[in-house]
Amino acid sequence: MYTFLFDILPETGHIRITLQLAILLNEQGNEVYYTHSSDSAFTSGLIEKGIGRVLYPDDLRWFTPDLVLLDYHLQAKAAFYHKRRIRLVYLTTSQLGETASQEVPVIGLPPSAYSLPLTSPRVKHLLERVPGLKDDPSHVLIVGLLEEGEPGRHTQKFYEVVKNCCITNSRYQFILLTHDAEMVKNLFPVPENMAIYRLLDLPVLLPLCDVALTTGNLNTLIESIYAGLPMVTYPSSARTEHRSNAIKYVNAGLGIYADMRETTPQRLEQQIGEILSNKKRFRKNLQQTQRLFDRENKKLEQVADRLLALITTTRL
């Protein structure tokens, strides 16, 4: 039995790609922990699975894992582990057929549909309401996933664009998901075809929708792909990772790329129209991407074996 510590960027998408591997290692009889700085929406679910928490860096004074799995975006933390002679390997996201470099200790994990159950009365209320919103087949249900990760400074103004688009297009049914009441307070009163809910993990909602508006955040991309939901992406210029994600996924034919700052109600309608007119092609590409990720996830036992082998080597 060995002890593994996951030190992961505290964004839902980054934590999510590690869930299957963490639970697999735990089920194999190993002790598995996450740093408290990896806090996410999945924390309580991981604890229920028997996966613990370690206070970083204080607990590392007495707690020495056999191997740290460090998020590649947190390379600055590597010096801390090296100083204490704690072995580490980097984890990164292996997307759309990419493979991790063999020259450095980096292991790529593919996106996955795997999640831990998250629910609340608000989720149940929304899911009960959605079929009613979709009663008329001429309606287009659009979900705005624009605040996972840190929302860009243009998001609030963009919400006004969405509201104005709703006012002039009664066939659109918008659901905006937010975690910041200040971001949306000036929108009220909202038109009947616009609803605002707290930002939640909603894998049941997304397959019911027609279009997703995203920022290129990893978690919303993963959820949209597994929901078969084409996307309009509005990555922030300040978020290099989001912009890189958006370009990869658009190039794979899963949606279109747009600039939030230049989007008007008329342009938003055009963007949604482009998605709808190419819906079959987008969904075919989304299904192919799902299958690619699923094939890669079947290899996770090989990843676990590689990690165990790394522990027994003299040098990483």
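See above for the structure.
The sections below set out a description of the structure shown in this document. What you see is a predicted model; the values in this text were computed from it and never measured. (Residues numbered from 1 in each chain as written. Predicted model: local features only at pLDDT ≥ 70, side-chain atom pairs only at ≥ 80, totals over all residues. Heavy atoms only, no water.)

### Here's the deal with the sheet that holds strand β10 (residues 211-214)
- Taking strand neighbours across the sheet as the criterion, the 6 strands line up as β9-β8-β7-β10-β11-β12 in an open arrangement whose pairing is parallel. Strand pairing shows two members of the sheet lacking a second neighbour, β9 (194-198) and β12 (255-257), which therefore form its edges. The average angle at which neighbouring strand axes cross in this sheet is 20°, direction not considered.
- Bridging between β10 and strand β11 (residues 231-233) involves 3 bridges; their strand directions are parallel. (Pairing = 2+ DSSP bridges. Helix = DSSP H or I, 4+ residues; strand = E, 2+ residues; numbered from the N terminus. Axes fitted to C-alpha atoms, helices over the stretch in contact; angles between N-to-C directions.)

### Examining the pairing of strand β1 (residues 3-7)
- In terms of burial, β1 is largely enclosed, as 5 of its 5 residues are buried.
- Residues Thr3, Leu5 and Asp7 point to one face of β1 and Phe4 and Phe6 to the other, with burial holding for every one of them.
- Two strands pair when backbone bridges link them, and β1 and strand β2 (residues 31-35) are joined in this way by 4 bridges, in the parallel orientation. Paired with Leu5 across the bridge in β2 is Tyr33. (Buried < 20%, exposed > 50% of the residue type's maximum accessible area, 1.4 Å probe, protein only.)

### Comments concerning the sheet that holds β2
- Sheet architecture is open: 6 strands sit in the order β3-β2-β1-β4-β5-β6, paired in parallel fashion. Of all strands in the sheet, those bounded by a partner on one side alone are β3 (52-54) and β6 (106-109). The average angle at which neighbouring strand axes cross in this sheet is 30°, direction not considered.

### Remarks on the pairing of strand β4 (residues 67-71)
- Among the 5 residues that make up β4, 5 are buried, leaving the element largely enclosed by the rest of the structure.
- Where burial is concerned, the two faces of β4 agree: the one with Leu67, Leu69 and Asp71 and the one with Val68 and Leu70 are both buried.
- The pairing of β1 with β4 spans 4 bridges and is parallel. Note on β4: the bridge partner recorded for Phe4 is Leu67.
- Here β4 pairs with strand β5 (residues 88-93) via 4 bridges, running parallel.

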